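Overview (structure and organization)
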Amino acid sequence: MDFLKIDGFFIKGLLSDHMNPAIVEAITQIGHTAGLQVIAEWVVNEAMLGRLREIGIDFAHGYAFGRPAMLVSQPALVG
């Protein structure tokens, strides 16, 4: 295992619930201590992305980066 992905439930409440930042920080610290890179899902805006950067998240995905797209409309990822 190389990655630890934090469920979007905790990310979604990052800016509105006082417990979620503490949980995300703890999960991130545990992941990094275990030598894992940490991924946050459901990142929907710049404010959330900025907070995740402060926490030390390694990767993120969600609407802050773009809407989901059908695979048939995307170029091949593997050559």
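You'll find the structure just up there.
Quick caveat, the model's predicted, so the values are computed rather than measured. (Residues numbered from 1 in each chain as written. Predicted model: local features only at pLDDT ≥ 70, side-chain atom pairs only at ≥ 80, totals over all residues. Heavy atoms only, no water.)

So, about the overall build of the chain. The helix and strand inventory of the chain stands at three helices and three strands. Going residue by residue from the N terminus, the α and β elements of the chain occur as β-α-α-β-α-β. Over its C-alpha atoms, taken along the principal directions, the chain stretches across nearly 40 × 30 × 20 Å. Every one of the 79 residues in the chain was classed for burial, and the buried ones make up 27%. Considering only contacts within the chain whose residues lie at least 6 apart along the sequence, 53% involve residues at least 24 apart. As displayed, the chain offers around 5600 Å² of accessible surface, 60% of which is attributable to carbon and sulfur atoms. One finds the centroid of the 5 positive side-chain charges in the chain at a distance of 7 Å from the centroid of its 8 negative side-chain charges. (Helix = DSSP H or I, 4+ residues; strand = E, 2+ residues; numbered from the N terminus. Buried < 20%, exposed > 50% of the residue type's maximum accessible area, 1.4 Å probe, protein only. Contact = heavy atoms within 4.5 Å. Areas by Shrake-Rupley, 256 points an atom, 1.4 Å probe, with all protein chains shown as cover. Lys, Arg positive; Asp, Glu negative; His and termini not counted. Charge placed at Lys NZ, Arg CZ, Asp CG, Glu CD.)

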